[in-house]
Amino acid sequence: MRHEETIFSGFGGQGALFAGQLLAYSGMAEDLHVTWIPSYGPEMRGGTANCTVIVSEMEIGAPIIRHPTAAVVLNLPSMEKYEPLVKPGGVLVVNTSLVDIESERDDIRVIALPASDIAEELGNARMANVVALGALIEATGLVDFETVEQQLEEHLSERQREWLKPNKKALHEGAARAKSE
Amino acid sequence: MRHEETIFSGFGGQGALFAGQLLAYSGMAEDLHVTWIPSYGPEMRGGTANCTVIVSEMEIGAPIIRHPTAAVVLNLPSMEKYEPLVKPGGVLVVNTSLVDIESERDDIRVIALPASDIAEELGNARMANVVALGALIEATGLVDFETVEQQLEEHLSERQREWLKPNKKALHEGAARAKSE
Amino acid sequence: MAKGMVVIDVDRCKGCGLCTHVCPVDILALSTDSFNAKGYRHVIVTDEEKCIGCASCATICPDVVFTVYRRKRQRKAAAAKA
Amino acid sequence: MAKGMVVIDVDRCKGCGLCTHVCPVDILALSTDSFNAKGYRHVIVTDEEKCIGCASCATICPDVVFTVYRRKRQRKAAAAKA
Amino acid sequence: MAKELLKGNVAFAEAAVRNGLEAYFGYPITPQSEGLEHLSGRLIEEGRVFLQAESEVAAINMVYGAACAGVRVMTSTSGPGLALMAEGLSYIAGSEVPVVIVNMMRGGPGLGNIQPAQADYNFMTKSAGHGDFRPLVLAPSSVQEIIDMVGLAFELAEKYRTLVMIAGDGSIGQMMESAELPPMQPVRETRPDWAVTGAKGREKNVITSLALGAENLERLNLRLQEKLAEVKANEVRYQTYDTDDADLLLIAYGTVGRICTSVVREARKAGIKVGLLRPQTLWPFAEDKIRELAEQARGVLVVEMSAGQMLEDVERAVAGAAPIRFHGRLGGVVPMVDEIMADLKKLDAETK
Amino acid sequence: MAKELLKGNVAFAEAAVRNGLEAYFGYPITPQSEGLEHLSGRLIEEGRVFLQAESEVAAINMVYGAACAGVRVMTSTSGPGLALMAEGLSYIAGSEVPVVIVNMMRGGPGLGNIQPAQADYNFMTKSAGHGDFRPLVLAPSSVQEIIDMVGLAFELAEKYRTLVMIAGDGSIGQMMESAELPPMQPVRETRPDWAVTGAKGREKNVITSLALGAENLERLNLRLQEKLAEVKANEVRYQTYDTDDADLLLIAYGTVGRICTSVVREARKAGIKVGLLRPQTLWPFAEDKIRELAEQARGVLVVEMSAGQMLEDVERAVAGAAPIRFHGRLGGVVPMVDEIMADLKKLDAETK
Amino acid sequence: MSVRVKDIPEEMEVVYDFPEAVAKVDTHYCPGCVHGIVHRLVGEVIDELGIRERTIGVAPVGCSVLAYNYFTVDFVEAAHGRAPAMAAGIKRTSPDKVVFTYQGDGDLAAIGTAEIIHAANRGDLLTTVFINNAIYGMTGGQMAPTTLPGMVTTSTPTGRDCAVAGYPVKMSEILAETAGAVYITRETATDIPSIRKTKKAIKRAFLAQMNGLGFACVEVLSTCPTNWHQDPWEAMQWSKEKMTEVFPLGAYKMTDEVKALKA
Amino acid sequence: MSVRVKDIPEEMEVVYDFPEAVAKVDTHYCPGCVHGIVHRLVGEVIDELGIRERTIGVAPVGCSVLAYNYFTVDFVEAAHGRAPAMAAGIKRTSPDKVVFTYQGDGDLAAIGTAEIIHAANRGDLLTTVFINNAIYGMTGGQMAPTTLPGMVTTSTPTGRDCAVAGYPVKMSEILAETAGAVYITRETATDIPSIRKTKKAIKRAFLAQMNGLGFACVEVLSTCPTNWHQDPWEAMQWSKEKMTEVFPLGAYKMTDEVKALKA
Ligand SMILES: Cc1ncc(C[n+]2csc(CCOP(=O)(O)OP(=O)(O)O)c2C)c(N)n1
Ligand SMILES: Cc1ncc(C[n+]2csc(CCOP(=O)(O)OP(=O)(O)O)c2C)c(N)n1
Ligand code: SF4
Ligand code: SF4
Ligand code: SF4
Ligand code: SF4
Ligand code: SF4
Ligand code: SF4
Ligand SMILES: [Mg+2]
Ligand SMILES: [Mg+2]
């Protein structure tokens, strides 16, 4: 059964919320149940932004969970907060460009990749979120990459349209790194 | 047992509330339990003002009653409202200067006197309230006239001090009329 | 015949006396011997013949007691004077 | 020797860049190669010798990053110039 | 002090002055304005602070400020004004500063009228604003009692650093009765150490109801709840009349409570063994005592000047132990002895 | 309509537009501002009325005015804003005009924080202002449900000429979920005959909550109470999950209600026969159904994001028929499945 | 109601008659209260403009709370101070109607300060009649924001000490500073000329709305014989002398478009 | 906090140092937000006046809600818009203390309109620092009462249409009409001279209070880089050019006594 409870977390501008939405849209496109819920508020200002995305074949009860089955951490505070919480057997995607500590968990699959650097190489460090999403999807197989590409096309904002192609590349580059890990 | 539940009622300026207070002060001076409670509010404006005074040897529960044991009505609307409510065996003091209807009750004692005219004769129609109070006290014997005189002395407002003597006269004149009724 | 005329709705009057102060010909007063239904000493006209129909009384009366009439012919002239 | 000198509390800096626009001798810039503890590209002094200790940087900095010093002797003269 | 004939509104105001009230901020509203008026003269006379605010919203926030400054402060109002204070009350509760508020209830909802009512019971006892808090609510039934409760209110407010409300009604406010005022107490000379008085020789004090992060706010709330539990354990107050052998139990507070003392008297004369429980605190509520009395009774009659607000608390307390009937008058109508008697007789007959 | 991924705040706002909302007046406050923002664009686009008011006090009185004019109108807010609306809500109730209000509850009291909470339950169901009235309160637990409830809210508000509140929480407002919006409905073309539309060809209409004379106001109140009784008889709504054979009964609403569906699933897996009653109307409250289910159950567990507000209504309803336990989280903390499970297991053990 | 109708001679024509927009009921106002005069003026203006059937009034909380009983137009009763907000809600959803608020000084200048300023600043198409009697009439004569320095009220028993209780609030001066206001004037109603002038101002204020120009407010310096403890005529004189000293008369804002209106 | 303290040469003396009244903690403000600058100025003024130990601050609801964390003086946190009322409650019961409110434009010019006007009109001895950034910063960039015409915000997605959404509210102009205000000025903080001038104004506003003169308010035209979607420096220029057009700078009220103060 496809079912994944993922937390995306990073600094305000890193696009954790958008990466989460992309996953939610993709889940929906594949007729799965989805919920997306952000943390919000003044603590966001200059602080950390995160969201919880549940994608499931079942109807979703609790949209907020204590222990995610997967986590994507884009910066150090996120790593410190969520690494310990991932359920045994789960997945942790770490942006090593900004996280200089290593996970000590051996009961989860840790995918460590320099997402920001990879993104910068592709033209814009802000695509680190999509790089990490690619890695996550590769690791969980929750949705098809094709679906995610479609959703990128539909939901990238006007201002970002020029970045569509690089984003797709970022997605696959993330996936490739995850595979090679 | 001394116990009387009296309603004083009249136009805004007729001093029904003050007459009631005078009775309450007098009751207190004689170590009785007393409550005084006015009707109040915008309906007073240009309308009718009334208060309920309970003087009793017992502790007073309800300060508001449906059926007074006595009523002092200084104008027509008050007559219409309270005449029917007086308890059988009770007392009704009517200011005939402003009330041109007669009570048809034969189960209460009705004291009809032209209080405003009497007061005017004594110098000021505004003392009708005290005339009526005199009649009431004569009829009920609730407190001593001496006590009321004392309370008049203590509670007549600064502006009214010059009217102290006429007020005392008004009190006794009211009593006299009640006696002769 | 009077230039003007007022009709008084006696029971609307609250006896405030404002009209008595503004009547230019001083023909309004409060009753001294009667009360109206509300219990007020109400307005009365002391000399109907003097009324010029200027409507000052109606203009200041807070209780819309007056209806005011004026002779048709003289109307324009009166207005010009006012 | 420089007329002035600034001490930078690097980790207070949020990299807003305001100070870089107001330094009269243009010696403030944002780091391009390092982040501070808060994760910002922080202010750096590109040529310490040029600082005149005018405190413009401190005046505009929203995050109280600067402490500013000036040479004692020249103080009056500098103040007069400003 | 000798007994005087005192109007409820004047009485609570003067009692506050004598209990060392340092500041009053308020906005006129019938039927409590005489309290404000009395204080406008007395406080200035005494060199203390009186200010007629531009609204109840401003008044409650001035009160909030003064309470933060550590002085003994109060306001008074009625229905519509109380409603406007809801946000401020919630801030005060969240900040744990001591404040006393007199609410002379009048007929609602909306502008309603200015006759006595008891329809703000729920508002005061359960939700005087957003979030989880409860004021301590005292319910006087006579002029003497409101005098006494003013002193008690300050004591409790300061002891628990909490909001205390005095739930009067138009009748209590407007009534004159003979009563005795307390002697004049001097104003406190020091301010509590949590107050904002300038950070001189100590760390700064901050008073806020903001707590970023759910866990932090939960901690604050748990502390509030603990305090409320303590209040609940210690401060339940009520009076009973002839309950020892009562077959039937009357429950009523405030003006209705005192009217019911007349009912008890009459009913006993008529051979009905009725007792009365008159809550003096509406929150905390005398639920244990009520349960105990209900277990001995054939039936319970709740009388209120509302559509039945305390009634629900009685229902919870009685929890099925006895049948409950309700006699409520609305919109400013004060129930009379005879109508309560009628319902009591019915209950008597039904439960015999 | 196809399913879309919709944020709760945007969803309720767009649902309102499609249900013929004619006017919105509001003031920004987290966590519901996206609703206001969405309407700021959409209503103007549609040639209808949107106005950002200077405060919640102004907003609710603008809403009141528009409702008197006979249009479909709403506002939305959260804790502090709702508290500021209390007086206006009471006027609206007293005037019997239909109004819909969305309250996305956040942590309180005071400024608190902006995390999801359910601590305005008492305020909304028992005393949204001074005087005797109760709004009808709907409690959605998903984005789809809040969409559906917006339509229902207008229907009920207009049917009963009453105040209807939608009790959401920050989580419902901020969450995105796939949901289906209703088709676009045209705006009503006529206005009700009680509305103020100019006294043309008819007697003037007057809308007021003032009733001088206690008897008059009592009459108005009795009419209100009758209406409330009708609402109580007809409009109780709830959902049950696996209650048929349940030994234990969970009661929770809104976000916590949906979390409890996960609890039921897990508990059943663990062999505990638990059922869930999720109230969809908080007032009127499903007291009869709860009593019925409690009678069949060994124990009841109430879960709320509050210190126990609905709890008291459950206590009244259960009236001793089964033991009741409470699990509450405060200040914006959302209870997790595991902690509820733990309490459920305890209850299971205790009542075996 | 018993009107003693005499025979009206043929050659007489009516020059003042009971306004259609004023209801034929007794008001609860005290004898000589200016509220009654201004009510009448508003009624006359509504008649003259022919808008009785499309006018909606908003009554305040204050002595004029029952204003809705005294007109023959649709009316709502607002919460204390919130008449402008309520009126905005009505007007914006009923742009073809003429909406006015009638407010006292406590209502408008104390508790309702924010609402009136923002309605004015938004340029809401509303007409406000503002009765400044320097007192809280309805609640028994407490200090109003507009109470004069030194004036004794039930909440300033030794006279308003401005250093403590604050200074009289000048609402027309303040409202004139709002962008959306097109006509802000302070009038009085203490003698025949000033009453006539006030009526003109009220008419102009209605016309400003009807012509879509913006917000208009007519402040009327008034009286409260009852709480001032003066007889009605005395009160008129006191208002004329003392109140105008603190509250200078005149138009504080009048745009050219408003000036061009024929009132 | 790691200050890289170099060796300070003997002949150097400090000309700018961390103010004692400012707390040594990080603020939550966005990079380049003027809130930070004005906080610092307030701290400097408190230091210069030597009143840190008898000053009480009142924080608003808005981005500066946490102001209480950023000073080393006693502080309370008010309800949205009610800071002046709360401050009045404090000041009147603590006349020997120096009390200031720090408020945003939503706080002061929308929901708190009545409270600020009445505090000013009463002449309450308070100092108000008013940050006008033409937006609701904290709640995500909705229109403020001071939002400029045409400006896009999250609640005016097609730009503020004043005919519908109302016009920018000019609080300094309005406050200048209140009797109890002695010093009302509008400043900006977009370059070194204007920041220095603003600091002087703030100092004067504190002195006005300390000398018992009356109410004082310093409006500071500010920025909100985040919700304006501009970089901080760009935002400064935009504020300087566009905001001053709608909100002219200068002292709107300054009594002679205030003028005489040495700030
Ligand atoms: C929220 C609220 N606060 C207070 C009151 C009490 N109240 C009724 S009218 C009034 C003041 C009336 O004064 P004003 O507006 O000047 O009108 P006036 O009676 O003088 O004409 C007050 C304070 C109320 N009804 N509602
Ligand atoms: C009663 C109430 N209404 C609304 C809010 C939500 N709110 C918080 S801050 C704010 C506006 C802040 O804007 P401003 O005062 O301009 O300050 P800024 O953030 O721009 O500095 C609002 C509407 C609230 N906390 N309380
Ligand atoms: S119309 Fe003129 S003259 Fe005639 S009574 Fe009236 S005021 Fe006097
Ligand atoms: S002005 Fe009107 S109410 Fe007053 S006395 Fe004259 S007629 Fe009567
Ligand atoms: S003190 Fe003046 S010269 Fe030195 S760095 Fe700062 S701004 Fe530049
Ligand atoms: S102004 Fe301050 S915060 Fe901004 S870049 Fe310069 S040092 Fe850093
Ligand atoms: S109290 Fe004053 S304002 Fe009110 S009706 Fe009487 S005179 Fe007029
Ligand atoms: S949101 Fe705007 S006002 Fe708030 S801290 Fe950020 S830049 Fe400053
Ligand atoms: Mg007034
Ligand atoms: Mg702002």
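Structure first, text after, so check above.
The structure contained in this document is the topic of the report that follows.

Once that is clear, we can look at the coordination of the magnesium ion (ligand 10). All names here are of chain H. Only Asp-105 (OD), Asn-133 (OD1) and Ile-135 (O) from the protein reach the magnesium ion (ligand 10) as donors, at distances of 2.0 to 2.1 Å. Here the donor residues of the magnesium ion (ligand 10) share one chain and are spaced in sequence as D-x27-N-x1-I. In this pair, Asp-105 sits in helix α3 (residues 105–111) while Ile-135 sits in strand β6 (residues 135–136), placing the two residues 30 residues apart along the sequence. When sorted by exposure, Asp-105 lands in the same class as Ile-135, which is buried.

Next up on the list: the side chain of Arg-40 of chain H. The topology assignment puts Arg-40 of chain H in helix α1 (residues 34–49). Here the side chain of Arg-40 of chain H touches Cys-61 of chain D through a polar contact of 2.7 Å, landing on its backbone oxygen. Discounting residues that sit within four places of it in the chain, Arg-40 of chain H has contacts with Ala-58, Thr-59, Ile-60, Cys-61 and Val-64 of chain D together with Tyr-16, Pro-19, Val-22 and Ile-195 of chain H.

The subject of this paragraph is the coordination of the magnesium ion (ligand 9). Residues and elements named next belong to chain G. Taken together, the protein donors to the magnesium ion (ligand 9) comprise Asp-105 (OD), Asn-133 (OD1) and Ile-135 (O), at separations of 2.0 to 2.1 Å. In the primary structure, the donors to the magnesium ion (ligand 9) are separated according to the pattern D-x27-N-x1-I. With Asp-105 in helix α3 (residues 105–111) and Asn-133 in the loop between β5 (127–132) and β6 (135–136), the pair connects residues that are 28 residues apart, well separated along the chain.

Let us now look at the packing of helix α1 (residues 34–49) of chain G against helix α7 (residues 192–210) of chain G. Residues and elements named next belong to chain G. Relative to each other, α1 and α7 sit at 50°, their axes nearing to 9 Å. By the criterion of interaxial angle, the relationship of α1 to α7 is oblique. By crossing handedness, the relation of α1 to α7 is classed as right-handed. Only Ile-195, Thr-198, Lys-199, Ile-202, Lys-203, Phe-206, Leu-207 and Met-210 of α7 make contact with α1, whose side of the interface consists of Ile-37, Val-38, Leu-41, Val-42, Glu-44, Val-45, Ile-46, Glu-48 and Leu-49. Of the residues that constitute the contact of α1 with α7, the class distribution is 12 nonpolar, one polar and four charged.

Our focus in this paragraph is the site of ligand 5. Within the structure, ligand 5 sits among 14 residues, and Cys-23, Cys-51, Cys-54, Ala-55 and Cys-57 of chain D are positioned closest to it. Of the residues assigned to the shell around ligand 5, the class counts are 12 nonpolar, two polar and no charged.

Moving on to the interface of chain F and chain E. Contacts between chain F and chain E engage 54 residues on the former and 54 residues on the latter. Roughly 4700 Å² of surface becomes buried between chain F and chain E when both sides are summed, with 58% attributable to carbon and sulfur atoms. Among the residues of chain F in contact with chain E, Pro-109, His-130 and Arg-316 of chain F are the three that bury the most area, contributing 14% of the side total. Applying the counting rule to chain F against chain E returns eight salt bridges. The interface formed by chain F and chain E holds 31 residue pairs in polar contact (both at pLDDT 80 or more) in total. Looking at the side of chain F that touches chain E, the elements with two or more residues in it are α4 (79–84), α5 (86–95), α6 (121–126), α9 (214–234) and α12 (310–318) of chain F. The greatest single-element share of the side of chain F that touches chain E, amounting to eight residues, is contributed by α9 of chain F. Its residues placed into classes, the side of chain F that touches chain E shows 20 nonpolar, 22 polar and 12 charged.

What follows covers the packing of aromatic side chains. Enumeration according to the criterion identifies 21 aromatic pairs over all chains in this entry. Judged by centre distance (5.7 Å) and plane angle (85°), the ring pair of Phe-75 of chain H and Phe-100 of chain H falls under edge-to-face. In this pair, Phe-75 of chain H is assigned in strand β3 (residues 74–77) and Phe-100 of chain H in strand β4 (residues 98–104), connecting sequence segments 25 residues apart. Members of the aromatic cluster, each reached through a chain of ring pairs, are Phe-71, Phe-75, Phe-100 and Phe-206 of chain G. One Lys or Arg, Lys-24 of chain G, reaches over the ring of Phe-18 of chain G and ends 4.7 Å from the middle of that ring.

Lining the immediate environment of ligand 1, one finds 24 residues, of which Glu-56 of chain E together with Cys-63, Asp-105, Gly-106 and Asp-107 of chain G sit closest. More than one chain reaches ligand 1: its neighbouring residues belong to chains E, F and G. A distance of 2.8 Å separates an oxygen atom of ligand 1 from a polar atom in the backbone of Cys-63 of chain G. When ligand 1 is considered free in solution it has 580 Å² of accessible area, and contact with the protein chains removes 99% of it. Counting only elements with at least two residues in the shell around ligand 1, the list comes to α4 (79–84) of chain E together with α3 and β6 of chain G. Top element by residues in the shell around ligand 1 is α3 of chain G. It accounts for four residues. Residues belonging to the shell around ligand 1 are distributed by class as follows: 12 nonpolar, eight polar and four charged.

Criteria and thresholds
- All residue numbers refer to positions counted from 1 along the written sequence of the respective chain.
- Starting at A for chains and at 1 for ligands, labels are handed out in the order in which the entities are written.
- Owing to the predicted nature of the model, reporting of local features is limited to residues with pLDDT of at least 70; listing and counting of side-chain atom pairs is limited to 80 or more, with chain, interface and lining totals taken over all residues.
- Based on all heavy atoms of the structure, the side-chain values leave hydrogens and waters out of the count.
- The donor set covers N, O and S atoms within 2.8 Å of the metal, switching to 3.2 Å for Na, K and Ca, and it leaves out water, so a site may look short of donors.
- By definition, any uninterrupted DSSP run of H or I lasting at least four residues is a helix, any uninterrupted run of E lasting at least two residues is a strand, and each is numbered from the N terminus.
- Throughout, exposure labels follow a simple rule: accessible area from a 1.4 Å probe, protein chains only, divided by the maximum for the residue type, with under 20% read as buried, over 50% as exposed, and the rest as partly exposed.
- Polar contact is defined as a pair of N or O atoms within 3.5 Å, subject to the rule that within protein one atom must be able to donate a hydrogen and the other to accept it, and that residues adjacent in sequence are counted only when both atoms are side-chain atoms.
- Should any heavy atoms of two residues lie within 4.5 Å, those residues are considered in contact.
- Working convention: axes come from line fits to C-alpha atoms, limited for helices to the stretch in contact. Angles between N-to-C directions cover 0 to 180 degrees.
- Should an angle lie under 35 degrees it is considered roughly parallel, over 145 roughly antiparallel, and from 65 to 115 roughly perpendicular; all remaining angles are considered oblique.
- In a left-handed crossing the near helix is turned counterclockwise from the far helix by less than a right angle, and in a right-handed crossing that turn is clockwise.
- Residue polarity follows a fixed list, in which Ala, Val, Leu, Ile, Met, Phe, Trp, Tyr, Cys and Pro are nonpolar, Asp, Glu, Lys and Arg are charged, and the others, Gly among them, are polar.
- Proximity is defined per residue: if any heavy atom of the residue lies within 4 Å of a molecule or strand, that residue is considered near it.
- We define buried area as the total accessible area lost by two parts upon association, computed with a 1.4 Å probe and summed across both.
- Salt bridge criterion: a side-chain nitrogen from Lys or Arg within 4 Å of a carboxyl oxygen from Asp or Glu.
- Any pair of Phe, Tyr and Trp rings, taking the six-membered ring for Trp, is counted once the centres come within 6.5 Å. Such a pair is stacked with planes under 30 degrees apart, edge-to-face with planes over 60 apart, and tilted for the rest.
- Cation placement over rings: the criterion is NZ of Lys or CZ of Arg within 6 Å of the ring centroid and within 35° of the ring normal.
- For the area figures, the Shrake-Rupley method with a 1.4 Å probe applies, and any residue is considered shielded solely by the protein chains shown.

Shape descriptors only; they carry no functional weight alone.
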